[in-house]
Amino acid sequence: MRTVRPAAVVVLAAGHGKRMRSTTPKALHEIGGRSLLGHVLAAAAPLGAERTVVVVGHGRDEVKAHLGQIAPAAEAVVQAEQRGTGHAVRVALEALDANAGTVVVLNADVPLLRQDTLAGMVSEHANAGRAATVLTARVDDPTGLGRIVRDNAGDLAEIVEERDCDDLQRTIHEINAGIYVFDAAAVRDALSRLSTANAQGEEYLTDAVAMLVREGRGVGTYAGAPEEALGCNDRIELARLGALLRDATLRRWMAAGVTVIDPATTWVDVSVELAQDAVLHPGVQLHGETSVAGGAEIGPDTTLTDCLVGADAKVIRSHCVGARVGERVSVGPYAYLRPGTVLHTAAKIGTFVEVKGSQVGEGSKVPHLSYVGDATIGEHSNIGAASVFVNYDGVNKHRTVVGSHCRMGSDNMYVAPVHIGDGAYSGAGTVLLDDVPAGALAVPGAKQRVIEGWVERKRPGTPAAEAAARAAKEAGGVEGE
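For clarity, every value in this text was computed on a predicted model and none was experimentally measured.

1. With respect to the side chain of Ser271
Next up, step 1: The residue Ser271 is located in the loop between strand S13 (267-268) and strand S14 (273-274) in this model.
Next up, step 2: Reaching out from Ser271, the side chain makes a polar contact with the backbone oxygen of Gly288 at a distance of 2.6 Å.

2. Concerning a nonpolar patch on the surface
Next up, step 1: Together, Tyr334, Phe352 and Leu369 make up an exposed nonpolar region whose accessible area comes to about 340 Å².
Next up, step 2: Mapped onto the fold, Phe352 is located in the loop between strand S27 (348-351) and strand S28 (354-356).

3. Considerations on the sheet that holds strand S29 (residues 359-360)
Next up, step 1: Strand order in the open sheet formed by 9 strands is S14-S17-S20-S23-S26-S29-S32-S34-S36, with parallel pairing between adjacent strands. Every interior strand has two partners, whereas the edge strands, S14 and strand S36 (418-420), have only one.
Next up, step 2: Relative to S29, strand S26 (residues 342-343) runs parallel, the two sharing 2 bridges. Note that in S29 the partner of Val342 across the bridge is Gln359.

4. Let's talk about the pattern of salt bridges
Next up, step 1: Going through the model one piece at a time under the given rule, you end up with 20 salt bridges.
Next up, step 2: With a closest N to O distance of 3.6 Å, Arg138 and Glu174 form a salt bridge. Placement of the pair is Arg138 in strand S7 (residues 132-138) and Glu174 in strand S10 (residues 174-183), with a sequence separation of 36 residues.
Next up, step 3: Residue classification places Glu174 among the buried residues on the basis of a relative accessible area of 5%.
Next up, step 4: Overlapping salt bridges bring together Glu81, Arg83, Arg90 and Glu203 as one network.

5. Examining the sheet that holds strand S21 (residues 314-315)
Next up, step 1: The 7 strands lie next to each other as S12-S15-S18-S21-S24-S27-S30, forming an open sheet whose pairing is parallel. Each having just a single partner strand, strand S12 (259-260) and strand S30 (365-368) make up the two edges of the open sheet.

Conventions adopted
Residues numbered from 1 in each chain as written. Predicted model: local features only at pLDDT ≥ 70, side-chain atom pairs only at ≥ 80, totals over all residues. Heavy atoms only, no water. Helix = DSSP H or I, 4+ residues; strand = E, 2+ residues; numbered from the N terminus. Polar contact = N/O pair within 3.5 Å; in protein donor to acceptor, adjacent residues only side chain to side chain. Patch = residues over 30% accessible without salt bridge, like charges linked within 9 Å, V, L, I, M, F, W, Y side chains within 5 Å. Areas by Shrake-Rupley, 256 points an atom, 1.4 Å probe, with all protein chains shown as cover. Salt bridge = Lys/Arg side-chain N within 4 Å of Asp/Glu carboxyl O. Pairing = 2+ DSSP bridges. Buried < 20%, exposed > 50% of the residue type's maximum accessible area, 1.4 Å probe, protein only.

Given below as structure tokens:
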């Protein structure tokens, strides 16, 4: 069977989705790390269509902006009035060349559609020389779905929307998936002759298919899996589709050698990459461009977003965003890694530690109750418990550098910018205001001093200075009474 490159893919994304009861257009609701529209476009992308047209209507500006992020080459075509699927396809065809060949038409709310199904459907359509091919599926519960009505020879006779079905047609379990392949000229002609004489007063694309059948133009069906036909009309169906997608995603990874202890509590986006022998414990969520190497253990109760985790690392009961976790690194429990965190081989980030915009060198440890912000820590250093890297002076962020093989005391304050040399030590409770030479010991300093009026002189115009001025004024008023 020859491979065919369609002239166009048309995605229908103009609907309001009223039953979603949302200010977000239905096509932009997400499961598995992608919008519903994004899943459909991803399934169609391998077809290599010459053009991709997305019909937009309700929330058009939001949908266009989303397309700019996920599929910049796709063209948005506006259906100003939502007058049915037939009208939507007619609007899309007006944007295409008059002699366009094979056109694939998809609904934007079928996120479980498979690439292989689409490719097989397009190839069969082209090799059979049809005017139209309809994707069908047999489902246990066809409620709400259009039925496939066949003639005595078993060929497609018509597609009947449920609201227009008679009692016998309602018993049919073969349904229309809302996915089609057309010869552009044939469907363009049929669409030009559509009627709105139906329960909704709309131009049904299914009526165009029936017209092609009656005229003997060559219409066939292609069988898909039941889940591929599942659309999304409300939040209940959104959750159901999300669970089905989760299950399929985890089955794929388990078949590839990933251990998933409890699939029912594990959620992995379709964009995540997992290596053989990675282990996911219960309560794990992996989002975005996260990648987990072989031998790494994630969880329990851990969320990673856009993180890279190296081989044999362990991340336990932690929340991490935009972090790079090296090989044999230990994180958690109850750690928070923020964007810009880079943990080198065998580093340790312990309990109730937050790290942001910092590098922690090979074998270095921040074991307990600390905040590390905008810092570079060398190799095999130890940061004592309850330490804070004081990176913000109220206006600007500053950086701290701690050298290699340092042993820093508990309850230290690193007042950036400050540089701690290799092999340095510090005593408990030290406020590090000045650089510490290599091999030196820093100990707590003199009694606290208070410098009156410093904020108004040194930080004029800041909210802190304005608050201080108000407080001084109020205090002066009280004294004067």
